[in-house]
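Topology and contacts: notes
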Amino acid sequence: MDPPFEAAAFALQPGQLSAVIQGANGYHIIQLLERDPARAIPADQLTSQRQKAFTDWLASRRSSQDVKLQMSQPARDWILSRIGIRP
């Protein structure tokens, strides 16, 4: 599927119509009739969806101001001594 077509299709809720989407095969309007939650996702798609979810989560955490490094005092002392900050 074309990325714009796929993005529009998966953004819809059952019963909704999409706006006009231009893809490689022309223009499309998508109507989502229903979703089947019991439908199995192929293994390759599941792997790529998991990887994308993790990448998105990691990017959001890296851009967050709340990221803190937590380690024990002995570990912190060891690291600081290895980089030459503490003897």
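Just so it is clear, the model here is predicted, and its values are computed rather than measured.

1. Regarding the overall build of the protein
Within the protein, the regular secondary structure consists of 3 helices and 2 strands. Reading the secondary structure of the protein in the N-to-C direction produces α-β-β-α-α. For 87 residues, the compact-globule formula gives about 12 Å, and the C-alpha radius of gyration of the protein, at 23 Å, lies well above that figure. The principal-axis extents of the C-alpha atoms in the protein amount to approximately 70 × 30 × 20 Å. Put simply, the protein has 87 residues, and 10% of those count as buried. Sequence separation of at least 24 residues holds for 4% of the intrachain contacts in the protein that already meet a minimum separation of 6. The average position of the 10 basic charges and that of the 8 acidic charges among the side chains of the protein differ by 15 Å.

2. Some details on the pattern of salt bridges
Summed over the entire model, instances satisfying the criterion amount to 1 salt bridge. Between K52 and D56 there is a salt bridge, with the nearest N and O atoms lying 2.8 Å from each other. With K52 and D56 both in helix α2 (residues 43-63), this residue pair falls 4 residues apart, about one helical turn.

3. What about the environment of V20?
With respect to the helices, strands and loops of the structure, V20 is situated in the loop between α1 (3-11) and β1 (21-23). Apart from the residues lying within four places of it in its own chain, the contact partners of V20 are Y27, H28 and I29.

4. Digging into the nonpolar core
Counting 6 residues, the largest nonpolar core is built from A8, A9, L12, I21, I30 and L32. Aside from chain neighbours lying at most four places away, what touches L32 is L12, Q13, P14, G15 and Q16.

5. Quick notes on a nonpolar patch on the surface
A contiguous nonpolar surface patch, about 490 Å² in accessible area, is contributed by L17, V20, Y27 and I29. In this structure, L17 sits in the loop between α1 and β1.

6. What to know about the side chain of S18
Along the chain, S18 turns up in the loop between α1 and β1. Ignoring any residue separated from it by four or fewer positions in sequence, one finds S18 in contact with L12, I29 and I30.

Parameters and conventions
- Residues numbered from 1 in each chain as written.
- Predicted model: local features only at pLDDT ≥ 70, side-chain atom pairs only at ≥ 80, totals over all residues.
- Heavy atoms only, no water.
- Helix = DSSP H or I, 4+ residues; strand = E, 2+ residues; numbered from the N terminus.
- Rg over C-alpha atoms; globule rule 2.2 N^0.38 Å.
- Buried < 20%, exposed > 50% of the residue type's maximum accessible area, 1.4 Å probe, protein only.
- Contact = heavy atoms within 4.5 Å.
- Lys, Arg positive; Asp, Glu negative; His and termini not counted.
- Charge placed at Lys NZ, Arg CZ, Asp CG, Glu CD.
- Salt bridge = Lys/Arg side-chain N within 4 Å of Asp/Glu carboxyl O.
- Core = buried A, V, L, I, M, F, W, Y, C linked by side-chain atoms within 4.5 Å.
- Patch = residues over 30% accessible without salt bridge, like charges linked within 9 Å, V, L, I, M, F, W, Y side chains within 5 Å.
- Areas by Shrake-Rupley, 256 points an atom, 1.4 Å probe, with all protein chains shown as cover.

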